[in-house]
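# Summary of structural features
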Amino acid sequence: MSDILQVKNLTYKYATGTPFEKTAVDNISFTVRQGEFVSIIGHTGSGKSTLVQMLNGLIKPTSGKVFFNQNDIWKEPKKIRNIRFKVGMVFQYPEYQLFEETVAKDIAFGAKNMGLTESEIQNRVESSVEFVGLEKSFLKKSPFELSGGEKRRVAIAGVIAMNPEILILDEPTAGLDPMGRELLLSQIRQYHEKQKNTILFVSHSMEDVARISDRVLVMNSGHTEYFDTPENVFAQGEHLKNMGLKIPQITQIMNTLSDKGYHVGKGVLTIEKAVEELLTILKK
Ligand SMILES: Nc1ncnc2c1ncn2[C@@H]1O[C@H](COP(=O)(O)OP(=O)(O)OP(=O)(O)O)[C@@H](O)[C@H]1O
Ligand SMILES: [Mg+2]
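Below: a short report on this structure. By convention here, each chain's residues receive numbers from 1 onward along its written sequence. To label them, take the chains in the order written and letter them from A, then take the ligands in the order written and number them from 1. Side-chain atom pairs in this predicted model are given and counted only at pLDDT of 80 or more, local residue features only at pLDDT of at least 70, and totals for whole chains, interfaces and linings cover all residues. To get the side-chain values, take all heavy atoms of the structure and skip hydrogens and water.

## Section: the nonpolar core
Nonpolar side chains in soluble globular proteins tend to end up buried together. For the record, the criterion: By nonpolar core is meant a set of buried Ala, Val, Leu, Ile, Met, Phe, Trp, Tyr and Cys residues that side-chain atoms within 4.5 Å join together. The buried label applies to any residue whose accessible area, calculated with a 1.4 Å probe on protein chains only, is under 20% of its type's maximum; exposed applies above 50%, and partly exposed to all values in between. For helices the rule is a DSSP run of H or I covering at least 4 residues; for strands it is a run of E covering at least 2, with both sets numbered from the N terminus onward. In this description, contact between two residues means that some pair of their heavy atoms is separated by no more than 4.5 Å.
Ranked by internal contacts, the top residues of the largest apolar core, which has 49 residues, are Ile107, Phe201, Val218, Phe234 and Leu240. Per element, the largest residue contribution to this core is six residues, and it comes from helix H5 (residues 148-160). Excluding residues within four positions of it along the chain, isoleucine 107 makes contact with Val125, Ser128, Val129, Leu139, Val154, Ala157, Gly158 and Ala161. Ranked by size, the runner-up nonpolar core spans 30 residues in total, among them Tyr12, Ile40, Ile80 and Val87.

Below, the structure written as structure tokens:
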């Protein structure tokens, strides 16, 4: 698979040159392959949102470079808007950014800015409401009539309608109830499977991350601590705990058994795999 995104020595400082200067992202480098599902985890304030906002050109790095399909995204600053169509970003709590009088208009907003034809926009609006699991009847409603979860879905649909090559979701399930979270997560997974596009998923839920990701990027005080498969990352139980991260419960149990000398693997992510490993040692 080819590389779609390359990040080289990326640094971001807030309030440079003032007494409040803060290095939020500190010399980070990594590469994402086309079609990968990458999760980004880390304690509050570790720099996740700052990092992803640099990936679609919303904020400009203090130093370092971002390459999208081998091209430096800041090579022609006047064209930075085009990157925002290709690297679509759903913000933390995006429901606060709905402002049009109907759901249909809100979803169409980004696609309209791309200069597509009316019928193409219509098609995209319809397919993206479907992806996020809303009935077509919602299109005529005002965004302000919707529940929190429904608003969130509308905001996500608006970014999907731009058909981005990379979709960045910053804590898309935060604040939803368990059922709403589960549903949205499975819709994101289905979207990924169908579109085969690249997804960057910022999350606090280790259970979600363990199940859904090809690779996990762990941030700690602006640095990358790990960038590896979920199995390898969650095998580092103690170290993650020290960074204020909780590993999935089942992984915790298996890591503890392994530390106590039982021959089970570390970084077990699912109950099924745990049962399999436990049956093997019981049979011996
Ligand atoms: N606009 C800003 N001005 C000054 N400092 C900021 C600003 N935005 C973020 N920061 C600081 O930069 C650091 C990284 O913040 P960021 O929002 O990227 O973290 P995060 O990992 O997304 O956190 P969370 O999990 O709470 O969303 C934090 O110390 C934060 O206080
Ligand atoms: Mg954040």
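## Remarks on the sheet that holds strand E2 (residues 22-33)
Threshold: Whether two strands pair depends on DSSP finding at least two bridges between them. Between the N-to-C directions of two axes lies an angle of 0 to 180 degrees, each axis being a line fitted to C-alpha atoms and, for a helix, fitted only over the stretch in contact.
Read from one edge to the other, the open sheet built from four strands follows the order E2-E1-E4-E5, with strand pairing classed as antiparallel. Every other strand in the sheet has two partners, leaving E2 and strand E5 (71-72) as the edge strands with one partner each. Helix H1 (residues 48-55) rests against strand E1 (3-14), E2 and strand E4 (63-68) of the sheet, and its axis sits at about 125° to E1.

## Considerations on the coordination of the magnesium ion (ligand 2)
Around a metal, the idealised angle for a tetrahedral arrangement of four donor atoms is 109.5 degrees; for an octahedral arrangement of six donor atoms it is 90 or 180 degrees. Formally: Distances define the donors: N, O and S atoms within 2.8 Å of the metal qualify, as do those within 3.2 Å of Na, K or Ca. Water is excluded, so some sites may look unfinished.
For the magnesium ion (ligand 2), the protein coordination sphere consists of Ser49 (OG) and Gln92 (OE1), at 2.0 to 2.5 Å. With serine 49 in helix H1 and glutamine 92 in the loop between strand E6 (87-90) and helix H3 (103-113), the pair connects residues that are 43 residues apart, well separated along the chain. Relative accessible area serves as the criterion here: at 36%, glutamine 92 is assigned to the partly exposed category.

## Focus: the site of ligand 1
Rules: Working definition: residue near molecule or strand if any one of its non-hydrogen atoms lies within 4 Å of it. Counting of polar contacts relies on pairs of N or O atoms within 3.5 Å, with two restrictions inside protein: one atom must be capable of donating a hydrogen and the other of accepting it, and residues adjacent in sequence are counted only when both atoms are side-chain atoms. Classes in brief: Ala, Val, Leu, Ile, Met, Phe, Trp, Tyr, Cys and Pro nonpolar; Asp, Glu, Lys and Arg charged; the others, Gly included, polar.
Neighbouring ligand 1 are 14 residues; Gly45, Lys48, Ser49, Thr50 and Gln92 lie closest to it. For ligand 1, a nitrogen atom lies 3.5 Å from a polar atom in the side chain of tyrosine 14. Between ligand 1 and serine 46 there is a distance of 3.3 Å, counted from an oxygen atom to a backbone nitrogen or oxygen. At the level of secondary structure, the elements contributing two or more residues to the shell around ligand 1 comprise E2 and H1. With three residues, H1 is the largest single contributor of residues to the shell around ligand 1. Along the lines of polarity and charge, the residues of the shell around ligand 1 split into two nonpolar, nine polar and three charged.

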